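Structural description and commentary
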Protein chains: 2
Amino acid sequence: MVTLAQVARHAGVSPSTVSYVLSGKRSISEATRRRVEQSIAELGYHPHAGARALASSRSHVIALMIPLRTDIYVPVMMDIAISITTTARRHGHDVLLLTSEEGPSAVKRVAGSGLADAMILMDVELADERIPLLRQTGSVAALIGLPADTSGLSCVDLDFEAAGVLAADHLADLGHREVALIGAPETVYRRHTGFAERTLAGFRRRAAERGMAHLHRPCGGSHEATAGTLSRILEERPGTTGFVVQNEAAVPHLLGLLRQAGRAVPEDASVLAICPDDVAVHSSPQLTSVSIPAEEMGRRAVELVMAQLAGEDTTGLILLAPTLTARGSSGPAPHPA
Amino acid sequence: MVTLAQVARHAGVSPSTVSYVLSGKRSISEATRRRVEQSIAELGYHPHAGARALASSRSHVIALMIPLRTDIYVPVMMDIAISITTTARRHGHDVLLLTSEEGPSAVKRVAGSGLADAMILMDVELADERIPLLRQTGSVAALIGLPADTSGLSCVDLDFEAAGVLAADHLADLGHREVALIGAPETVYRRHTGFAERTLAGFRRRAAERGMAHLHRPCGGSHEATAGTLSRILEERPGTTGFVVQNEAAVPHLLGLLRQAGRAVPEDASVLAICPDDVAVHSSPQLTSVSIPAEEMGRRAVELVMAQLAGEDTTGLILLAPTLTARGSSGPAPHPA
DNA sequence: GTGAAAGCGCTAACAA
DNA sequence: TTGTTAGCGCTTTCAC
């Protein structure tokens, strides 16, 4: 291991000078800075993370708590995790991965061990057990998703309620009179993950306001679950011409089923998905969609904790405005036969 | 922050005693152990990770390098990452997440900073740039996937060549005479990620040995790419009745396309996927598949590095034997019309 | 079976 | 603009 002391000796300066060159916390003459940087490069020096953390009480690590579940769309989580990691690196931080297997006590462990300077929580439930611990330990944190009580917390999320509204409006604008929301698996609603309920609320409200008959059905990700959900919807309300899907795993199945049922998209039925853009463009026809901005959500979460570490108060909600991109899967409602 | 010294004072023992209670590196009387553990619990003590790393030169962290790409099946990666994290915790270690965005130099940074005691690399390419650095820094590491030169390395992977053989045999046993392998996206082959090429090699060899006409086509994950691939296969060899798919994103599309083309599965065409079990059981019909044991791959990788940290030599390959589970999507070859 | 004390490599006063 | 030095909280030898 190359140490800071060795760099100092090699450059003919004191250890503190090397430290300050690295941290930029005091001004250094151009000449010595050069020599130090030269020595660092020549010796291949990297500061010892533990020593640095011990001396400065800053680990330069952000803990990311991801869910173990696989019933929510995994690629979105992965995109968020990647976005968090690359953004964190850009701020000189690394990311420690924690799974919910460890339970809420992971919060205590991280807070008590100096393992991380901040935490980012994903898959936040309305009554999330980790939140009291967050408050109690006074941890720097950002949440992706909204709990019931957000007081004192910094949260980022897509404005799913607005997404529901946007979806309903799009279908209403196209003249649809009977619409259905094919949602997340039932387990997601049962554990009160906010996003699903908020989408539903927005969709219902606006559908009612626009005078559309509307239905909502949770849906699993398998082909059979999708088939069952679709057939139950069409049984209950055969005139349904507009479908909103908030379950990306069901998307390809739904398109296949409609095709098979002889319902052409978008001529006979419009499909609108709430999903990442790449899912939308990889379908056929390409899907009109409200995109889930995974990259931005991850980035914003990191920016929130970095701001807090810099002393700012970031308490509050960042609700990203949803955007709808019309692609080939939605069109004017067919005239009743 | 509660420190070890405070625990010692509270328990009326010396700091070293507390340390030894924690590490178990020397025998402690039952009485003092109890008192110390009591104090630890009462004060809510957690050892400071940085201090411990500094003093012991062991961070108790494993670095996990994941790819940024999204052209290989993301859920498998996620399952592996989760398996690694939970297994690592079981061994008292945490996981640091690194993306390939940082490039091969991430290896140098981790090795030089004491950030992690070991590294696990995913998405290993045949000529992976990180490997020379691994050798050069003498890092403790495990690879998930096989590079061209595995000398001195510890690797885990599914035996994809055997998987290809197994797939070919299954179709041959069912009497199929013309078969096709619908593979990973072309980019995967171009960057020489070993698994795709190894599957292909095994499949080709055994198909030839069993006297089956065989075709191989790379395939993107979109509906259109799948449709194009399928139609080109059927154009070139209309009598194809057996399909092996090594691209999970294409699976639902392929099933939809076959259905649409009036080819019943498994009566008219057999489909065999190389994919995780849950993808296979969520399709309709459920897919005969060679499973990708993500959980085991992650767990084995952690066990490899833990063994190395304990001083064992784990050099060598662990090739997990593939298992084929017959489900509803494969059956006897139809009699030629 | 237990304690005392010397660092581990770095940061950040304090001094100059 | 730079150097000196006292810790940060833990592990681990050495001593009893």
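Residue and element names in this part refer to chain A. Of the pockets and cavities examined, the second largest pocket occupies roughly 1,000 Å³. Lining the second largest pocket are 32 residues, and of these L22, P47, H48, R52 and H60 lie nearest its centre. Here the lining of the second largest pocket takes 5 residues from helix α4 (residues 49-56), the largest share from any one element. Tallied by class, the residues present in the lining of the second largest pocket amount to 14 nonpolar, 12 polar and 6 charged.

Turning to the protein's contact with DNA strand D, a few remarks are in order. Looking at DNA strand D, there are 26 residues lining it, with A:T17, A:S27, B:L4, B:Y20 and B:Y45 nearest. Within the contact set of DNA strand D, a phosphate oxygen lies 2.3 Å away from a side-chain nitrogen or oxygen of A:S27. Secondary-structure elements contributing two or more residues to the surface near DNA strand D are α2 (15-23) and α4 of chain A together with α2 (15-23) and α4 (49-56) of chain B. Considered class by class, the residues forming the surface near DNA strand D number 10 nonpolar, 12 polar and 4 charged.

Quick look at the relation of the copies chain B and chain A now. When chain B is brought onto chain A, the operation consists of a screw motion whose angular component is 180° and whose axial shift is 0.0 Å, with 0.1 Å RMSD remaining. Interpreted geometrically, this transformation is the action of a two-fold axis. Of the residues that chain B buries at the interface, 98% are likewise interface residues in chain A, meaning the two copies contact each other through the same surface.

Let us look at the protein's contact with DNA strand C. Surrounding DNA strand C, one finds 26 residues, the nearest of these being A:L4, A:Y45, B:T17, B:R26 and B:S27. Sugar and phosphate atoms constitute 59% of the interface atoms of DNA strand C, taking the interface as everything within 4 Å of the protein. Contact distances for DNA strand C include 3.3 Å between a base nitrogen and a side-chain N or O atom of A:Y20. In the environment of DNA strand C, a base oxygen lies 2.7 Å from a nitrogen or oxygen atom belonging to the side chain of B:R26. Sorting the residues of the surface near DNA strand C by element identifies α1 (4-11), α2 and α4 of chain A together with α2 and α4 of chain B as the ones contributing at least two each. By residue number, the principal contributor to the surface near DNA strand C is α4(A), which donates 4 residues.

Here we take up the side chain of B:S291. Inspection of the secondary structure puts B:S291 in strand β10 (residues 288-291). Filtering out sequence-adjacent residues up to four positions away, B:S291 remains in contact with B:L158, B:C275, B:D277 and B:T323.

A negative phi holds for most residues other than glycine; trans holds for most peptide bonds. Following A:V265, the chain continues to A:P266 via a peptide bond in cis, the omega torsion being 10°. Tracing the backbone shows A:P266 in the loop between α12 (251-260) and β9 (270-275). Between B:S284 and the following residue, B:P285, the backbone shows a cis peptide bond with an omega angle of 0°. By the secondary structure assignment, B:P285 is in the loop between α13 (277-282) and β10.

Take the interface of chain B and chain A next. Opposite the 46 residues of chain B that make contact, chain A presents 46 residues. Between chain B and chain A lies a buried interface of about 4,200 Å² when both sides are counted; carbon and sulfur atoms form 66% of it. Taken as a group, B:H46, B:M78 and B:L97 account for 14% of the area that chain B buries against chain A, more than any other trio of residues on that side. Linking chain B to chain A there are 8 residue pairs in polar contact (both at pLDDT 80 or more). Among the secondary structure elements, those contributing two or more residues to the side of chain B that touches chain A are α4, α5 (74-90), β2 (94-99), α6 (105-113), α11 (223-236) and α12 (251-260) of chain B. By residue number, the principal contributor to the side of chain B that touches chain A is α5(B), which donates 9 residues. Of the residues in the side of chain B that touches chain A, the class split is 20 nonpolar, 17 polar and 9 charged. Alignment of strand β2 (residues 94-99) of chain A against β2(B), held across 3 bridges, turns out to be antiparallel. If you follow A:L96 over to β2(B), its bridge partner there is B:L96.

Taken as a whole, chain A is organised into domain 1 (4-55), domain 2 (58-158 + 294-320) and domain 3 (160-292). Taking only C-alpha atoms, the centre of domain 1 of chain A and the centre of domain 2 of chain A are 32 Å apart.

This brings us to the sheet that holds strand β6 (residues 178-182) of chain A. Residues and elements named next belong to chain A. Strand order in the open sheet formed by 6 strands is β7-β6-β8-β9-β10-β12, and the pairing between neighbours is mixed. Each edge of the sheet is formed by a strand with only one pairing partner; in this case those strands are β7 (213-217) and β12 (324-325). The pairing of strand β10 (residues 288-291) with β12 spans 2 bridges and is antiparallel. Pairing of V290 across the sheet is with L324, part of β12.

Core analysis: the biggest nonpolar cluster contains 107 residues, and A:L64, A:I120, B:L64 and B:I120 have the highest contact counts within it. Among residues more than four places away in sequence, those in contact with A:L64 are A:A81, A:I84, A:V95, A:L96, A:L97, A:L98, A:I120 and A:M122. By size, the runner-up hydrophobic cluster in this structure holds 44 residues, among which are A:L143, A:C155, B:M119 and B:L133.

Another point: the pairing of β10(B). Residues and elements named next belong to chain B. Every second residue of β10 is oriented toward a common face, with T288 and V290 on one face and S289 and S291 on the other, all of them buried. Note: strand β9 (residues 270-275) against β10, 4 bridges, orientation parallel. Bridge pairing in β10 links A273 to S289. Each parallel crossover has a hand, and for β9 linked through α13 to β10 it is right-handed.

Calculation criteria
- The numbers attached to residues start from 1 for each chain and follow its sequence in the written order.
- As they are written, the chains are lettered A onward and the ligands numbered 1 onward, keeping that order.
- Per-residue local features of the predicted model are confined to residues with pLDDT of at least 70, and side-chain atom pairs are confined, for both listing and counting, to 80 or more; whole-chain, interface and lining totals are unaffected and use all residues.
- As a convention, hydrogens and water are excluded, and side-chain values are obtained from all of the structure's heavy atoms.
- Here a cavity means grid points, on a 1 Å grid over the protein atoms only, where a 1.4 Å probe fits yet cannot get out; a pocket means an open set of points with protein on both sides within 12 Å along at least five of seven lines; lining residues are those with an atom within 4 Å of a point.
- Grid points are joined across faces, edges and corners, and a volume is the space filled by probe spheres set on the points.
- Only DSSP runs of H or I reaching four residues or more are called helices, and only runs of E reaching two or more are called strands; each is numbered from the N terminus.
- All amino acids are sorted into three groups, where Ala, Val, Leu, Ile, Met, Phe, Trp, Tyr, Cys and Pro are nonpolar, Asp, Glu, Lys and Arg are charged, and the leftover types, Gly among them, are polar.
- Consider each residue's heavy atoms; a residue with any of them within 4 Å of a molecule or strand counts as near.
- Counted as a polar contact is a pair of N or O atoms within 3.5 Å, where, for protein atoms, one must be capable of donating a hydrogen and the other of accepting one, and residues adjacent in sequence contribute only when both atoms are in side chains.
- A least-squares fit on C-alpha atoms brings the copies together, and the residues used are those whose pLDDT is at least 70 in both copies.
- Here a residue-residue contact requires only that any non-hydrogen atoms of the pair lie within 4.5 Å.
- Once two parts are brought into contact, the accessible area they lose, counted with a 1.4 Å probe and summed over both, makes up the buried area.
- Strands qualify as paired when DSSP identifies two bridges or more between them.
- The split of the chain into domains comes from an automatic or database domain assignment.
- We define a nonpolar core as any set of buried Ala, Val, Leu, Ile, Met, Phe, Trp, Tyr and Cys residues linked to one another through side-chain atoms lying within 4.5 Å.
- Between buried and exposed lies partly exposed: a residue is buried under 20% and exposed over 50% of the maximum accessible area for its type, with that area taken using a 1.4 Å probe on protein chains only.
- Handedness of a crossover is defined as follows: with both strands directed away from the viewer, a clockwise route from the first strand across the helix to the second makes it right-handed.

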